[in-house]
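Tertiary structure, described
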Amino acid sequence: MEEDTITGSGDHDNFVTNPTGLGSSDSTPNNTTKEYSIAALYRFSHLHDIGELQLKIRAAAESNRIFGMLLLAEEGINGTISGHNSDVMRFLSWLRQQHKDFADMDIKYSQADQSPFYRMRVRLKREIVTMGRPDVKPTPHSRKQGVSYVEPSKWNALIQDPDVLLIDTRNEYEIQLGRFKGAVDPQTTTFRDFPRWAETLAQDSTVSKEKKIAMYCTGGIRCEKSTALMQHLGFKKVYHLKGGILKYLEEIEQQNSSWEGDCFVFDARVAVDHSLQKSQYVSCHACRMPLAPHDVERAEYRAGVSCHHCTKTTSDEQVARFEARQKQMSLAANRGGVHLGGSTKHHDTHGQDPVPMRTQMYDSHGSTRTLVQ
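By convention here, each chain's residues receive numbers from 1 onward along its written sequence. In keeping with the predicted nature of the model, local features appear solely for residues at pLDDT of at least 70, side-chain atom pairs appear and are counted solely at 80 or more, and the whole-chain, interface and lining totals rest on all residues. Excluding hydrogens and water, the side-chain figures rest on all heavy atoms present in the structure.

In this section: the nonpolar core. Buried Ala, Val, Leu, Ile, Met, Phe, Trp, Tyr and Cys residues form a nonpolar core when they are joined through side-chain atoms within 4.5 Å. The cut-offs for exposure are 20% and 50% of the maximum accessible area for each residue type, with area from a 1.4 Å probe on protein chains only; residues under the lower value are buried, those over the upper are exposed, and the others partly exposed. The biggest cluster of nonpolar side chains holds 26 residues, and the ones touching the most others in it are I167, M215, M230 and F235. Segments assigned H or I by DSSP are reported as helices when at least four residues long, segments assigned E as strands when at least two residues long, and all are numbered from the N terminus. Looking at this core, the elements with two or more residues in it are β1 (36-44), β7 (164-168), α5 (194-202), β9 (212-216) and α6 (221-232). The contacts of I167, once residues within four sequence positions are left out, are V184, P186, F194, W197, L201, I213, A214, M215, Y216 and M230. Formed by 23 residues, the second largest nonpolar core is a distinct cluster that contains A40, V150, L158 and I245. It only takes one pair of heavy atoms within 4.5 Å for two residues to be counted as in contact.

Shown next, in the form of structure tokens:
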């Protein structure tokens, strides 16, 4: 893709690639050695008749055997889907034709031996990612100069600049699994907490509004709003990792990478490693928090019932319900099936927070998990 420079001073231009972010998404995954493709996507736009679009997407997903979660709002579309490689490509080809702004939709691909979803949901929302600032509404046509997309190939050079403040816009439980070296952790529980943290930073007299701010999230969508917010707060040089961590891991070889650890994702894989393969983490079926192997060895952990994060806050009634659910899941597994009722609502994730391993998606809030990137 051709680079677009922005009028500015010094090395501000050296990292900028197409400040509008348009026209740079891949049409196919880089690696199709596995049977299933997983596609994380979003697009800010101006959508009308989202109820009609919801019905059309449901029908197309069913006919193409697509599973996952898509959120629709008047501000755009956000979600993750999975299916056999050819089915995903066919569905996405159809989806790109449903709106003029969908043609160059931002998509991050990964591969798996099986689908991380067992059903398809298309939901209507007021926002496709919730930050609690309805006045911040990025669209493909409204982004001002001052927030610059940076391609993964140029990200390392940017964040190695000692004058850059690198900010991870994800929630604390996500950052604990992995981050870019030197990134600041705002210590948020949900994405709704981020504006308060950003406003505190903007009021800090030791941080110049000319300071270069580099921001990243899982797939890019939270940064669409958080970078717009930083610009609104007066910061002049704000950078956004285009495609987020997932696109960076997809394109950058591990030996050249500045990423450390695993990346939390909003599906049954829980987290992926640098090769975008499922890592060692599992999810607590009660509170949906990610658990490392040593967490599963703790006395508080009971499969399907509780972990050290939630054991003290889980009521007897919840324990009984979780035990019954776990029994049904075990019976279904013994029969070689899947117990779809195993997913329960949780806190938030990805724009809300962690998601049930099977059918929900966390949404980056910290309360009702629905989906985020």
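Relative to the assigned elements, S283 resides in strand β14 (residues 282-283). Of the polar contacts made by the side chain of S283, one reaches the backbone oxygen of R288; its length is 3.4 Å. A 3.5 Å cut-off defines polar contacts: any pair of N or O atoms within that distance qualifies, except that in protein one atom must be a possible hydrogen donor and the other a possible acceptor, and neighbouring residues in sequence count only when both atoms are side-chain atoms.

Any two side chains of opposite charge can pair, given that their charged atoms come close. Any carboxyl oxygen of Asp or Glu within 4 Å of a side-chain nitrogen of Lys or Arg constitutes a salt bridge here. Applying the stated criterion to the full structure yields 18 salt bridges. Between R65 and D87 there is a salt bridge whose closest N-O contact spans 3.0 Å. You can see R65 sitting in the loop between α1 (50-63) and β2 (67-73) and its partner D87 sitting in helix α2 (residues 85-96), a full 22 residues away along the chain. Judged by relative accessible area, R65 falls into the partly exposed class, the value being 46%. Of the charged contacts, one joins E174 and R222 as a salt bridge, the two residues approaching to 2.9 Å between their closest N and O atoms. Note that E174 is positioned in helix α4 (residues 172-175) and R222 in helix α6, a separation of 48 residues in sequence. As far as the burial class goes, E174 and R222 line up, both buried.

On to helix α3 (residues 152-159). Across the 8 residues that make up α3, a large majority, 6, are buried. Listed in full, the buried residues belonging to α3 are P152, K154, W155, N156, L158 and I159. Here the buried face of α3 lies against β6 (147-150), β7, β8 (178-180), β9, β10 (237-241) and α7 (244-251).

This next bit is on the packing of α5 against α6. For the pair α5 and α6, interaxial distance at closest approach is 10 Å and the crossing angle is 30°. By the angle between their axes, α5 is roughly parallel relative to α6. As α5 packs across α6, the resulting crossing turns out to be right-handed. Between α5, through F194, P195, A198 and L201, and α6, the contact on the second element is made entirely by S226, L229 and M230. Amino acid classes used here: Ala, Val, Leu, Ile, Met, Phe, Trp, Tyr, Cys and Pro are nonpolar; Asp, Glu, Lys and Arg are charged; the rest, including Gly, are polar. Along the lines of polarity and charge, the residues of the contact of α5 with α6 split into 6 nonpolar, 1 polar and no charged. Only C-alpha atoms enter the line fits that serve as axes; for helices the fit covers just the stretch in contact. Angles between N-to-C directions range over 0 to 180 degrees. Orientation labels follow simple angle bins: below 35 degrees gives roughly parallel, above 145 gives roughly antiparallel, 65 to 115 gives roughly perpendicular, and whatever is left gives oblique. Two helices cross in a left-handed way if the nearer one is turned anticlockwise from the farther one by less than a right angle. They cross in a right-handed way if the turn is clockwise.

Here we take up the packing of aromatic side chains. By convention, a stacked pair of Phe, Tyr or Trp rings (six-membered ring in the case of Trp) has centres within 6.5 Å and planes under 30 degrees apart, an edge-to-face pair has planes over 60 apart, and any other such pair is tilted. Applying the stated criterion across every chain yields a total of 12 aromatic pairs. With a centroid separation of 6.5 Å and an interplanar angle of 85°, the aromatic rings of Y216 and W259 are classed as edge-to-face. In this pair, Y216 is assigned in strand β9 and W259 in strand β11 (residues 259-261), connecting sequence segments 43 residues apart. Of the two residues, Y216 and W259, neither departs from the other in class, the shared state being buried. When the centroid spacing of 5.3 Å and the interplanar angle of 75° are considered together, the rings of F264 and F266 count as edge-to-face. By the burial criterion, F264 is buried, and F266 matches it. Through a chain of ring-to-ring contacts, three or more aromatic side chains come together here, namely W155, F180, Y216, Y248 and W259. Its guanidinium or amino end placed over the ring of F235, K209 lies 5.3 Å from that ring's centre, counting from NZ or CZ. The rule is short: NZ of Lys or CZ of Arg within 6 Å of the ring centre and within 35 degrees of the ring normal puts a charge over the ring.

In this section: the sheet that holds strand β5 (residues 120-124). By this definition, two strands are paired if DSSP reports at least two bridges between them. Pairing is mixed across the open sheet formed by 5 strands, whose spatial order is β4-β1-β3-β2-β5. Across the chains shown, the open sheet's two edge strands, defined by having one partner strand only, are β4 (106-112) and β5. Taking the axes of each pair of neighbouring strands and ignoring which way they run, one obtains an average angle of 10° across the sheet. Lying over the sheet, α7 contacts β1 and β4, oriented at roughly 60° with respect to β4.

So, about the sheet that holds β9. Think of a sheet as strands paired side by side through backbone hydrogen bonds, with each pair either parallel or antiparallel. Read across the open sheet, the 4 strands follow the order β6-β10-β9-β7; overall the sheet is parallel. A strand with exactly one partner marks an edge of an open sheet, and here the two such strands are β6 and β7. Averaged over neighbouring strand pairs, the angle between their axes works out to 25° when direction is ignored. In the packing of α3 onto the sheet, contacts are made with β6, β7, β9 and β10, and the angle to β9 comes to roughly 135°.

Per-residue confidence for the protein gives a mean pLDDT of 83; residues scoring 70 or more make up 79%. The low-confidence segment residues 342-371 (pLDDT under 50) makes 195 contacts with residues lying over four places distant or belonging to another chain. As a per-residue quantity, pLDDT reports the predictor's confidence and falls between 0 and 100.

Here the focus is the side chain of D87. We classify D87 as buried; its relative accessible area is 2%. A distance of 3.0 Å separates polar atoms of two side chains, one belonging to D87 and the other to R65.

A few words on helix α9 (residues 316-334). Expected span of a helix, by definition, is 1.5 Å for each gap between consecutive residues, and there is one gap fewer than residues. Helix length check: α9 (19 residues) gives 27 Å between terminal C-alpha atoms against 27 Å at 1.5 Å per residue, within 8%. Along α9, the residues that are buried comprise F322, R325, Q326, M329 and A332. Projection of α9 onto a plane perpendicular to its axis shows the buried side chains occupying an angular sector of 120°, all on one side. For α9, the exposed residues lying more than 90 degrees away from the buried face are D316, E317, K327 and N334. What the arc measures is the spread of directions leading from the helix axis to the C-beta atoms.

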